[in-house]
Structure formats: structure tokens, C-alpha cells
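Now for the letters of each chain:
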Amino acid sequence: MSSMNIPQSSFPRVIIIGGGFGGIALAKKLSKKEAQVVLLDKHNYHNFQPLLYQVSTGGLEPDSIAYPIRKVLQGYPNFYFRLANVLEIDTQGKRVLTNIGDIRYDYLVVATGSETNYFGNKGIQTMGMAMKTIPQSLNLRSLILENFEQALLTDDLHERDALMNFVIVGGGPTGVELAGALAEIKKGILPKDYPDLDTRRAQINLVQSGDRLLPAMSDVASRKAERFLEGLGVNVWKNIRVADYDGKCVTTNTDTVFETATLVWAAGVQAVGIKGLDAKEILARGNRLKVNHFHQVEGFEEIFAIGDVAQMQTDAFPEGHPMMAQPAIQQGRSLGENMVRLIDGKPMKPFVYKDKGSMATVGRNKAVVDLPRFKFQGVFAWFVWMFVHLYFLIGFRNRVVVFINWVYNYIRFDREARLIIRPFKKQNQADRSKLMQD
Ligand SMILES: Cc1cc2nc3c(=O)[nH]c(=O)nc-3n(C[C@H](O)[C@H](O)[C@H](O)COP(=O)(O)OP(=O)(O)OC[C@H]3O[C@@H](n4cnc5c(N)ncnc54)[C@H](O)[C@@H]3O)c2cc1C
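Residues numbered from 1 in each chain as written. Predicted model: local features only at pLDDT ≥ 70, side-chain atom pairs only at ≥ 80, totals over all residues. Heavy atoms only, no water.

**Things to note about the nonpolar core**
Moving on, step 1. Membership of the largest hydrophobic core comes to 67 residues, with the highest contact counts inside it found for Leu51 and Leu229.
Moving on, step 2. At seven residues, the largest contribution of residues to this core is made by helix α7 (residues 173-188).
Moving on, step 3. One finds Ile6, Val38, Ala84 and Val291 within the second-largest nonpolar core, a separate group that totals 28 residues. (Core = buried A, V, L, I, M, F, W, Y, C linked by side-chain atoms within 4.5 Å. Buried < 20%, exposed > 50% of the residue type's maximum accessible area, 1.4 Å probe, protein only. Helix = DSSP H or I, 4+ residues; strand = E, 2+ residues; numbered from the N terminus.)

**Comments concerning the UniProt feature "transmembrane region" (unreviewed entry) in the chain**
Moving on, step 1. As annotated by UniProt and renumbered to match this structure, "transmembrane region" (unreviewed entry) occupies residues 379-396.
Moving on, step 2. For residues 379-396, the end-to-end C-alpha separation is 25 Å, with 83% helix and 0% strand making up the annotated structure. (UniProt positions renumbered as here; feature names shortened; annotations may be inferred.)

**Some remarks on helix α5 (residues 134-153)**
Moving on, step 1. Given a rise of 1.5 Å per residue, 20 residues ought to cover 28 Å, and the 29 Å separating the end C-alpha atoms of α5 matches this to within 8%.
Moving on, step 2. For α5, the tally of buried residues reaches 15 of 20 residues, placing the bulk of the element in the interior. (Expected span 1.5 Å × (residues − 1).)

**Topic: the sheet that holds strand β16 (residues 257-259)**
Moving on, step 1. The sheet built from three strands is open, its strands ordered β14-β15-β16 with antiparallel pairing. Two strands close off the open sheet at either side, each with one partner strand: β14 (242-245) and β16. Strand-to-strand twist of the sheet, defined as the mean angle between neighbouring strand axes without regard to direction, takes the value 20°.
Moving on, step 2. Sheet topology places strand β15 (residues 249-252) next to β16; three bridges connect them, and they run antiparallel. When the sheet's bridge partners are listed, cysteine 249 is paired in β16 with glutamate 259. (Pairing = 2+ DSSP bridges. Axes fitted to C-alpha atoms, helices over the stretch in contact; angles between N-to-C directions.)

**Re the site of the ligand**
Moving on, step 1. The full set close to the ligand counts 27 residues, and Gly22, Asp41, Val86, Asp308 and Ala325 are the nearest of them.
Moving on, step 2. Note that an oxygen atom of the ligand is positioned 3.1 Å from one of the backbone N or O atoms of phenylalanine 21.
Moving on, step 3. Take methionine 324: an N or O atom from its main chain is 3.2 Å from an oxygen atom of the ligand.
Moving on, step 4. Across the complex, the protein chains shield 90% of the 1000 Å² of accessible surface that the ligand would expose by itself.
Moving on, step 5. For the shell around the ligand, the secondary structure elements donating two or more residues are α1 (21-30) and α10 (325-343). (Near = heavy atom within 4 Å. Polar contact = N/O pair within 3.5 Å; in protein donor to acceptor, adjacent residues only side chain to side chain. Areas by Shrake-Rupley, 256 points an atom, 1.4 Å probe, with all protein chains shown as cover.)

**Focus on helix α9 (residues 219-231)**
Moving on, step 1. In a regular helix each residue adds 1.5 Å, so 13 residues correspond to 18 Å; α9 covers 18 Å between its end C-alpha atoms and thus fits that length.
Moving on, step 2. Residues of α9 that are buried: Ala221, Ser222, Ala225, Glu226, Phe228 and Leu229. Down the axis of α9, the buried side of the element spans an arc of 160°, and every buried residue falls inside it. For α9, the exposed residues lying more than 90 degrees away from the buried face are Arg227 and Gly231.
Moving on, step 3. The secondary structure elements touched by the buried residues of α9 are α7, β12 (203-207), β13 (235-237), β22 (358-363), β23 (366-370) and β24 (375-377).
Moving on, step 4. With its phi angle positive at about 95°, glycine 233 sits one or two positions after the end of α9. (Arc of directions from axis to C-beta. Contact = heavy atoms within 4.5 Å.)

The following block contains the structure:
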């Protein structure tokens, strides 16, 4: 028995760190084969990150976008899950060191995903809000609602405006989706919830450093998304770089400043690194681990990396595959097949990414979809967006709950999960950076 109470097996032991899109896809492929699969994650659930913004804006309850990892792999004979925070890899001794003990591996797969990148800006990290995890999304939900409760109480017009002023930094899908959702709340919910507050003064600002939104999508998708947002009343600021935030004032590289109680940072991610696998030579841009076409980390035959944490250079993707769910899923499946070949002493096959397109939603009846052959926007795109997200959501119950919520919200123009369950205390601002690590 290992220190984690996992029996010795005649099969090689494959340890997967991370039960995200990549780790789960791999574990599913491998756990019925001749391998002992041990999945370690610091959470006992899989987090469906694409719908986090709906949790932050009261459209969905957090439980409907999370799913127990143990349940996903229930009944797989060679599968073990341990709730563990991985602290270090001992590559010499082939051991993973965690907060619940150490465990030996024959093969190791790093699938730890990514985290918010503040590019070293301490002010934004400490005073801004991120939206990468469920606890962070709940913090944001509470803060948004607390701001309006506080706005009701103050006589100071300047302070009231700052409480109702939102600055979202980053014009990628996360920023666009969050801005659209906030604009819909302003229009459809705030006037009814706060009839004694002039909520027309609420401002939603989306700040993008480049010259277009959704830079990873087509020009037409960018233009249309911007038009949709402006139609909803969002102020779109392009070619402006946010410089700092002190909890009250956002400064930029121009004369533009924003007085706001809420800055949401959606302008960058970096791979989640692990001590022991952090030599400069094996790290690419954004802290990603350099891997070859079989996902082997540079310099190691028995250590692999997949998903956001891995950077595989190809002709089509010289900077690595996009940090999105599809590459992570496809890489997990491909590595699963390759590991079976490896264990059987057969040659592995190089990974080839099949780009299935990308999409973003701006709000009710408004989405943009870029497929390899077609690009479309509007109502049909919105239905496609909903169908795809329901399809990839893990768990039948979650799909049903999310579907019912969406239908209800659509018919009633509502978002009933606007609850302050765990208040986000303003006086804890100094501790915010700690909360963001949750
Ligand atoms: C707000 C938001 C919206 C997004 N929207 C989309 C979208 O619309 N479409 C799309 O394709 N992609 C989207 N993405 C990106 C997509 O979610 C990621 O690309 C995808 O989750 C990457 O999968 P992964 O398996 O690499 O990592 P993840 O899914 O992030 O999983 C990593 C896992 O590793 C665990 N972990 C990390 N470190 C440790 C450790 N030290 N010890 C133990 N466990 C650890 C984590 O708990 C986590 O469960 C979005 C991301 C965010 C944040």
C-alpha cells in the first residue's frame, strides 16, 4: 500500500494531476485498460468553467456547473481518486508529493490547467476580482449584489456611481460574456429589484487593450459582438491598457480613468506550474510546459502534460494550442490511446488537433459562432451556443437543471440565483489575493 492507501498492482501506475477537461478525458480512456489510474485533484469536482460567468451573474447555481469527479469515473475498475493538493514532483525518485502524502508513479500526467495572470500587477491582484473558479465566481456574485445594497444607502452621488460602475478588463469570450450578462441585469432586473435607486446610472465598461474584441475569432464575429454589446448599453473601450487599480480608481495608459468599486480581471491566464517541473528550459510562454507531439514533457519520457498547462508547437499553432476545452479534451483522449500503446510496447501516434471552431454569447438571442466552414451570428448562433454547452456539460442532472434554468430565465427575463450566500466582505480586501487562490 502507498501512503494514500492505494494497493500495489501488476499494472503500471499512471498518476494524473488535475480532474479538468483534459484529466477526465484521459482517465476515462485509460481506466478500463491495463493501467492503474490515480487521479489527484485539490477539488472533488470538475468545474465547467465556460459557464462561470452565469454563476457570477445569478443565472445559474454553482452546483449545476460542477460535477463530482468520483461520480464521473464510478465503476471504472482500475481508477482511484484522491482529494490532494500536489505540492511538488520528485522527478528523480518518480514521486508526487502532496498535502496528504507521497505516491510513486510509473507515468505522470500533468493536467493542472491555468490560473489568472496579473502580469505582476499587485494592485489589480489584490483589489480586483477574478473568475477562474467557483469560489471566485461566488465572490463576484456577492460583491455585485452588495454594491447595489450599499448604493441604496449612500447619499454621496459620487460613491453611488462608483458602486454601480463595473470595469471588466479583457475583451476575450469571458469579458464579452460577463459584460453582456451584466448589461441584461441592468436592463431587466435592477429597475424591478431597486425601484428606489436610479439604476440607469449603472455603467458597464469593457476595456480591451487591442483594437478588437474576441481577437481569437473572425473579424465578423468581433464586429458583431461589439455591436451586440453596444446595443445592450455596454461601453466598449478599445486600445486602452489598464495600468493599475487601488480599489477605487482604475488608471490606464491614457487619460481615461474609471471610478469603480468593481474591477473584473479577465485579461490573461498562465499555466498552473508545479515545483520540481519548473526548470526554465522546459517552460514556454505563459509558464506552459513544452511537450513534444506525444505530449511528453521536454527531457522526460515518462512525464506528460495536456490541456492549458501544455504547449505543443505545431505549424498551425506555433504558440501552442488555444487554452480551451476542446484541445484539452482531444489531448486527453489522444494521450489515453497513446499510453495504451506505450504500455503494450507499440509506437505512439503524434497528436493532431481537429479545430471544431469557437463561439461566444453576448446575451439573449445574441451569440457569434465561427465554425471551420461557416460563420454566423444572432439567434441561431445563440441556440447553437446553448446546445454545445449543454452537450459538453458533465452529468445528466446538470444538463436538465441548466436547461430548465435557461428556459425559465428566457421566459421570465429573470436570474433568480442573485443571492448573497457568502458575503464578500469589503474589509477583507487585503485578503482578496488569498481568496483568489481558492
Ligand atoms: C471564465 C472562463 C470561461 C471559459 N470559457 C470557455 C469556452 O467558452 N470555451 C472553451 O473551450 N474554453 C473556455 N474556457 C477555457 C477552458 O475552461 C480551459 O481551457 C479548460 O478548462 C482547460 O482544461 P484543463 O483540463 O487543461 O484544465 P482545467 O479544466 O482548468 O482543470 C485543471 C484541474 O487541475 C486541478 N489542479 C490544479 N493544480 C492542482 C494541484 N496543484 N493539485 C491538485 N489539483 C490541481 C484543478 O483543481 C482543476 O480541477 C474558459 C475558462 C474560463 C476561466
